[in-house]
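Chain by chain, the residues:
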Amino acid sequence: MLDIVAALEWVRDNIGSFGGDPARVTIFGHSGGAGKVAALMAMPGARGLFHRAIAQSGPILRVREPQGAQRLAEETLNELELDRASLMELQYMPYNHIVAAGSKVISRYHGPIFSPDLSRLEDTVGWAPVMTAKDFCTRSIQRA
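The model shown is predicted, which means the values in this text are computed figures rather than measured ones.

**So, the side chain of E75**
Consideration 1: Here E75 shows up in helix α3 (residues 66-79).
Consideration 2: In this structure, E75 is in contact with V105, R108 and Y109, ignoring residues within four places of it in sequence.

Here it is, written out as structure tokens:
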């Protein structure tokens, strides 16, 4: 998500060179991209970088709660036989090993990942954005 924010910052800084208007940026996403659009709408760091948003077919409208994300991270580290002191080892680990470990943890609680209970899709997807209570309060105040 931070990479997407960086890309939007680049658009803001360079769109005028291509004849665009930095005050009229629209983002669009379909399926997983729609989830990214929804996450960007909630991210304080993305504020002001786009002015319209289209989320088509598939945004997860509820983000993961910090406690659940923390549990998934800790249990995934355990599955990988790592601890907080050895987090840097993740930088050198093949991506598929990390995903496999996380999938194994998630399936212990929810069954196969791609057979989701649609009422709790954000839990079965596993790796999803997290909104802290501080972020939620900030967004709620700004809407009021």
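And the narrative resumes.
**Looking at unusual backbone geometry**
Consideration 1: Positioned with a positive phi, S31 is a non-glycine residue whose angle comes to about 60 degrees.
Consideration 2: Here S31 lies in the loop between β1 (26-30) and α2 (32-42).
Consideration 3: With a relative accessible area of 37%, S31 lands in the partly exposed category.
Consideration 4: Unusually for a residue other than glycine, E81 sits at a positive phi of about 60 degrees.
Consideration 5: Following the sequence through the fold, E81 ends up in the loop between α3 and α4 (95-110).

**Some details on the pairing of strand β2 (residues 52-56)**
Consideration 1: Bridge count for β1 against β2 is five bridges, and the pairing is parallel. By the bridge assignment for β2, G29 is matched with A55.
Consideration 2: You can see the chain leave β1, run along α2 and come back into β2, and the turn it takes is right-handed.

**A few points about the environment of A42**
Consideration 1: With respect to the helices and strands, A42 occurs in helix α2.
Consideration 2: Judged by relative accessible area, which is 17%, A42 ranks as buried.
Consideration 3: The spacing of A42 and P129 is 87 residues in sequence and 9.8 Å in space, taken between C-alpha atoms.

**As for the environment of K36**
Consideration 1: With respect to the helices and strands, the residue K36 is situated in helix α2.
Consideration 2: A relative accessible area of 40% places K36 in the partly exposed class.
Consideration 3: The spatial distance from the C-alpha of K36 to the C-alpha of A128 is 9.6 Å, given a sequence separation of 92 residues.

**A few points about the side chain of T76**
Consideration 1: As for its position among the elements, T76 is in helix α3.
Consideration 2: Overall, T76 belongs to the buried group, its relative accessible area being 4%.

Criteria and cut-off values
- Residues numbered from 1 in each chain as written.
- Predicted model: local features only at pLDDT ≥ 70, side-chain atom pairs only at ≥ 80, totals over all residues.
- Heavy atoms only, no water.
- Helix = DSSP H or I, 4+ residues; strand = E, 2+ residues; numbered from the N terminus.
- Contact = heavy atoms within 4.5 Å.
- Buried < 20%, exposed > 50% of the residue type's maximum accessible area, 1.4 Å probe, protein only.
- Pairing = 2+ DSSP bridges.
- Right-handed = clockwise from strand over helix to strand, strands pointing away.

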